Amino acid sequence: MKLLSFRRPDGSASWGIAKNEGVIDMGDKAPGLKHALWATTSLAEEAARHADFKLSDISFLPPIPDPEKILCVGLNYMSHIKEGGREPPPKPIIFTRYPNSQVGHGQAMVAPAASRTFDYEGELAVVIGRRCRHVKKEDWQSVVAGFSCYNDGSIREWQRHSTQFIPGKNFYRSGAFGPWIVTPEETGDITKAHLMSRLNGVEQQHATIDDLCFDIPTLIEYCSTFTQLEPGDVIATGTTGGVGAYQTPPLWMKAGDTIEVEITGIGVLKNPIVAEG
């Protein structure tokens, strides 16, 4: 299944199931998608219904508009570690994003007035489906609701103010999440999926998920040890080589650009870039 949050044609927010270019509106079943992730079996039964809206008639929100936690992993693809001339970290590097720093598919990412160093980072997002602590690696699949695309848009100048990444990763509407969450039985072996980023149609990043330094089971075990994970929490698993900061000259996003993050088996997250008003 493909699960999403969206705005109806009348502007009201809802969530539902995407199928065959349409959306089954599930807004009357739970107050939001994160409240229904534990019940994907019953959601699958609803997927047989006819669509209520065409995809072209709705506006996408981040699949989980209000996650309690967005945990991001830094320096977690070997190709990205190498392009920066670094050594693999001994433990996962974790930082946080806030919900208002992200937009949904098709919504504009905002290039801030405070800096011109606006970079893209195509990533795989893992969405947690149930409350959990101390998850063992071998049990990781039991807590995952599905996977999505993520763009961990980064203001490099601010990211490098200190060893803490958070300021450069939380500018208003600087990241993107979507277009939907795809459940694991549909994606198959996610480690074989291809992750790609395209700026104005030109591919800049391309790797398979198995290039991760710390794999998904390790990340879930690590994160669930230091915090209680909740339904709808997001783990953005890191970006691959090819970011704009390490190109010559650096390749920054600017107003008028379009950035796409694609993961095979999931879909394409596409966003225009606008200047901060």
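Trainee: Please explain unusual backbone geometry as it appears in this structure.
Mentor: The phi angle of most residues is negative, glycine excepted, and most peptide bonds adopt the trans form. Geometrically, the link from Gly178 to Pro179 is a cis peptide bond, its omega value of 0° lying close to zero. With respect to the helices, strands and loops of the structure, Pro179 is situated in strand 14 (residues 175-182). Thr248 connects to Pro249 through a cis peptide bond whose omega is -10°. When you line up the elements, Pro249 lands in the loop between strand 17 (234-239) and strand 18 (258-263). Look at Arg173: it is not a glycine, yet its phi comes out positive at around 55°. Residue Arg173 is classed as partly exposed on the basis of its relative accessible area of 25%. Within the chain, Asn200 stands out as a residue other than glycine whose phi angle is a positive 55°. Turning to its location among the elements, Asn200 is positioned in the loop between strand 15 (194-199) and strand 16 (202-208).

Trainee: Would you mind showing me how to read the nonpolar core here?
Mentor: It is characteristic of soluble globular proteins that their nonpolar side chains tend to be buried jointly. Counting residues in hydrophobic clusters, the biggest one holds 51 residues, and the most contacted among them are Leu124, Phe147, Ile216 and Ile220. Among the elements that take part in this core, helix 5 (residues 216-226) stands out by supplying 4 residues, more than any other. When sequence neighbours within four positions are dropped, the list of residues in contact with Leu124 reads Phe147, Ser148, Ile190, Ile209, Ile216, Ile235, Ala236, Thr237, Gly238, Ile263 and Ile266.

Trainee: Would you take a moment to explain the pattern of salt bridges for this structure?
Mentor: Two side chains of opposite charge can pair, provided their charged atoms sit close to one another. Tallied over the entire structure, the rule returns 17 salt bridges. The closest approach of N and O atoms between Asp152 and Lys169, which form a salt bridge, is 3.0 Å. Taken as a pair, Asp152 in the loop between strand 12 (144-151) and strand 13 (154-155) and Lys169 in the loop between helix 3 (156-159) and strand 14 lie far apart in primary sequence, 17 residues in all. Salt bridges sharing partners connect three or more residues here, namely Arg97, Asp119, Glu121, Asp152, Arg156 and Lys169.

Trainee: Can you walk me through the sheet that holds strand 16 in this structure?
Mentor: Across a sheet, paired strands are connected by hydrogen bonds in the backbone, their directions being either parallel or antiparallel. Spatially, the 5 strands line up as an open sheet ordered 9-19-18-15-16, and their pairing is mixed. Sheet topology places strand 9 (109-111) and strand 16 at the edges, where each strand pairs with a single neighbour. Within the sheet, the average angular offset between the axes of one strand and its neighbour, ignoring direction, is 20°. Pairing of strand 15 with strand 16, which is carried by 6 bridges, proceeds in the antiparallel orientation. If you follow His194 over to strand 16, its bridge partner there is Thr208.

Trainee: Explain the state of the cysteines here, please?
Mentor: A disulfide bridge is the covalent bond that connects two cysteines by way of their sulfur atoms. Taken as a whole and judged by the stated rule, the model has 0 disulfides. Cys223 supplies the cysteine sulfur nearest to Cys72, a cysteine that is in no disulfide, at a spacing of 10 Å. By relative accessible area, which is 0% here, Cys72 ends up buried. Summary of cysteine pairing: Cys149 is not part of a disulfide, and the nearest cysteine sulfur, belonging to Cys72, is at 15 Å. Relative accessible area serves as the criterion here: at 0%, Cys149 is assigned to the buried category.

Trainee: Would you take a moment to explain the side chain of Thr187 for this structure?
Mentor: Tracing the sequence through the fold places Thr187 in helix 4 (residues 184-187). Leaving out residues up to four positions away in the same chain, Thr187 has contacts with Phe147, Val182, Gly265 and Ile266.

Trainee: What is the right way to look at the packing of aromatic side chains in this model?
Mentor: For any pair of aromatic rings, the description rests on two quantities: the centre-to-centre distance and the angle between the ring planes. As enumerated under the stated definition, the model contains 6 aromatic pairs in all. On the numbers, 5.4 Å between centres and 65° between planes, the contact of Phe95 with Phe165 is edge-to-face. Here Phe165 lies in the loop between helix 3 and strand 14 and Phe95 lies in strand 7 (residues 93-97), a separation of 70 residues in the sequence. With a centroid separation of 5.9 Å and an interplanar angle of 70°, the aromatic rings of Tyr222 and Phe226 are classed as edge-to-face. Placement of both Tyr222 and Phe226 in helix 5 is noted, with a separation of 4 residues, approximately one turn of the helix. A relative accessible area of 46% places Phe226 in the partly exposed class.

Rules used in this analysis
- Residues numbered from 1 in each chain as written.
- Predicted model: local features only at pLDDT ≥ 70, side-chain atom pairs only at ≥ 80, totals over all residues.
- Heavy atoms only, no water.
- Helix = DSSP H or I, 4+ residues; strand = E, 2+ residues; numbered from the N terminus.
- Buried < 20%, exposed > 50% of the residue type's maximum accessible area, 1.4 Å probe, protein only.
- Core = buried A, V, L, I, M, F, W, Y, C linked by side-chain atoms within 4.5 Å.
- Contact = heavy atoms within 4.5 Å.
- Salt bridge = Lys/Arg side-chain N within 4 Å of Asp/Glu carboxyl O.
- Pairing = 2+ DSSP bridges.
- Axes fitted to C-alpha atoms, helices over the stretch in contact; angles between N-to-C directions.
- Disulfide = S-S within 2.5 Å.
- Phe/Tyr/Trp six-rings, centres within 6.5 Å; stacked < 30°, edge-to-face > 60°.

Coordinates in, geometry out; function isn't part of it.
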